[in-house]
Amino acid sequence: MEYTPPPKPQLSSRANAFSIAALMSSGTSKDKESPESTIKPLEQFVEKSSCAQPLSDLSSLDPHGEFSTSPSSLCTEPLIPTTPIIPSEEMAKISCSLETKELWDKFHELGTEMIITKSGRRMFPTIRVSFSGVDPEAKYIVLMDIVPVDNKRYRYAYHRSSWLVAGKADPPLPARLYVHPDSPFTGEQLLKQMVSFEKVKLTNNELDQHGHIILNSMHKYQPRVHIIKKKDHTASLLNLKSEEFRTFIFPETVFTAVTAYQNQLITKLKIDSNPFAKGFRDSSRLTDIER
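Cut-offs and rules
Residues numbered from 1 in each chain as written. Predicted model: local features only at pLDDT ≥ 70, side-chain atom pairs only at ≥ 80, totals over all residues. Heavy atoms only, no water. UniProt positions renumbered as here; feature names shortened; annotations may be inferred. Core = buried A, V, L, I, M, F, W, Y, C linked by side-chain atoms within 4.5 Å. Buried < 20%, exposed > 50% of the residue type's maximum accessible area, 1.4 Å probe, protein only. Helix = DSSP H or I, 4+ residues; strand = E, 2+ residues; numbered from the N terminus. Pairing = 2+ DSSP bridges. Phe/Tyr/Trp six-rings, centres within 6.5 Å; stacked < 30°, edge-to-face > 60°. Lys NZ or Arg CZ within 6 Å of the ring centre and 35° of its normal. Polar contact = N/O pair within 3.5 Å; in protein donor to acceptor, adjacent residues only side chain to side chain. Contact = heavy atoms within 4.5 Å. Salt bridge = Lys/Arg side-chain N within 4 Å of Asp/Glu carboxyl O.

Looking at an unreviewed UniProt entry, the chain carries the name T-box transcription factor TBX20, with the source organism given as Atlantisia rogersi. The UniProt entry for the chain carries the following comment under Subcellular location (unreviewed entry): "Nucleus".

Structure below.
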């Protein structure tokens, strides 16, 4: 007789919100999570997004915060507005600097490319930022998302060594935000340390259930860093439109998502710059051109 495992228990959206609220208000449960499970979309922390459909009406999250329905039911608009809002006087004092800017500039000059895979690939260079002007006594949540630069699809012209417009962009994919797993930070922590998004992974799998950021290949994207002031009376973000936040954009971090590198110079710079690509720097593995 064939054994049938019992069905996975389902939590309501309200019950799931309580479990997430407990996660954000307590650091002990967060520490027990595996590194992979911390890479989840902001939908867990927000009941309403900038989309017309409230997230509380979505049945797409299972008890582990993973998506179980088709991506067509999800919000494809950025969860944080793309148009800048006038920040409060307190938030206006906050500034954000891109670390390793010199390395980003080198890639930007050539036309940065980022590999996307079904299982998810980490970004290199990594988005690393530092903050100033924050209130040392306040708490902040730091997020990152990646939004399309335009509504075009691109192709790489090898004979010209440049990117050309190839047509209209593919249909938009589910919008996701990466909540830094160490959030919430105290202002004092942010003044002393750098915030690194090295665990962010990019994928082209529309059915991804690990919270990786989903992108279309051969499209250009702009990473954005957001800092939200955490209110004392709430354990989770209830409505982004009512939150105090700042958005920071660094034009030198624009990249084209690809499934394989198109520009050989980008390949070489990645190998030369990435400390984890040491094996590829073995000259026996390189062609004459790459050497």
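Asker: Go over the nonpolar core with me, naming the residues and quoting the values.
Answerer: Judged by nonpolar contacts, the single largest core of 33 residues is most densely connected at M123, V129, F131, F197, L202 and I227. Of all the elements in the fold, those that place two or more residues in this core are strand 2 (95–98), strand 5 (128–132), strand 6 (139–148), strand 14 (220–230) and strand 17 (255–258). With 4 residues, the single largest contributor to this core is strand 6. Formed by 10 residues, the second largest nonpolar core is a distinct cluster that contains C75, I80, A175 and I228.

Asker: A description of the sheet that holds strand 11 (residues 195–196) should follow, citing residues and the corresponding values.
Answerer: Read from one edge of the open sheet, 3 strands run 2-5-11, paired in antiparallel fashion. The open sheet has two free edges, formed respectively by strand 2 and strand 11, since each of these has just one partner strand. Both strand 2 and strand 5 contribute to a ladder of 4 bridges, which runs antiparallel. Within strand 5, the residue paired with C96 across the bridge is F131.

Asker: Provide a residue-level description of the pairing of strand 6, including the pertinent values.
Answerer: Counting buried positions along strand 6 yields 8 of 10 residues, so the element is predominantly enclosed. Bridge count for strand 6 against strand 10 (residues 185–186) is 2 bridges, and the pairing is antiparallel. Of the residues in strand 10, the one forming a bridge with K139 is T186. Where strand 6 lies against strand 14, 10 bridges are found, and the strand directions are antiparallel.

Asker: Describe unusual backbone geometry, and please don't skip the residues or the numbers.
Answerer: Across the junction of F124 and P125, the peptide omega takes the value 0 degrees, indicating a cis bond. Within the secondary structure layout, P125 lies in the loop between strand 4 (121–122) and strand 5. Here the residue pair S183 and P184 is connected by a cis peptide bond, since its omega of 0 degrees sits within 30 degrees of zero. Relative to the helices and strands, P184 is located in the loop between strand 9 (177–179) and strand 10. We note that T100 has phi near 50 degrees; this positive angle belongs to a residue other than glycine. Its place among the elements puts T100 in the loop between strand 2 and helix 4 (101–110). Classification of T100 as partly exposed rests on a relative accessible area of 34%.

Asker: Describe in detail the packing of aromatic side chains, supporting the description with residues and values.
Answerer: How two aromatic rings sit relative to each other is set out by the distance from centre to centre and by the angle between their planes. This structure, assessed with the given rule, holds 6 aromatic pairs. With a centroid separation of 5.2 Å and 65 degrees between ring planes, the pair formed by Y156 and W163 is classed as edge-to-face. In this structure, Y156 and W163 share a single accessibility class: buried. Ring plane angle 70 degrees and centroid distance 5.9 Å describe the contact between Y178 and F197, whose orientation is recorded as edge-to-face. Of this pair, Y178 sits in strand 9 while F197 sits in the loop between strand 11 and strand 12 (201–203), placing them 19 residues apart in sequence. Judged by its relative accessible area of 2%, Y178 falls in the buried class. For F197, a relative accessible area of 2% gives the class buried. Among the aromatic residues, ring-to-ring pairing joins Y156, Y158 and W163 into one connected group. It is K220 that lies over the ring of Y154; its NZ or CZ is 4.6 Å from the centre.

Asker: So what about the side chain of N263? Which residues, and what values?
Answerer: The residue N263 is located in the loop between strand 17 and helix 6 (264–273) in this model. By relative accessible area, which is 8% here, N263 ends up buried. A polar contact is formed between the side chain of N263 and the backbone nitrogen of L265, at a distance of 2.9 Å. When near neighbours in sequence (up to four residues on either side) are disregarded, N263 contacts L110, E113 and Y156.

Asker: Give a description of the pattern of salt bridges that names residues and reports values.
Answerer: Summed over the entire model, instances satisfying the criterion amount to 8 salt bridges. Here D170 ties to R153 by a salt bridge, and the two come within 3.0 Å at their closest N and O atoms. Of the two residues, D170 sits in the loop between strand 8 (162–168) and strand 9 while R153 sits in strand 7 (residues 152–157), which places them 17 residues apart along the sequence. The class for D170 is partly exposed, based on a relative accessible area of 30%. Overall, R153 belongs to the partly exposed group, its relative accessible area being 29%. One salt bridge in this structure joins D272 and K268, with 2.7 Å as the shortest N-O distance.

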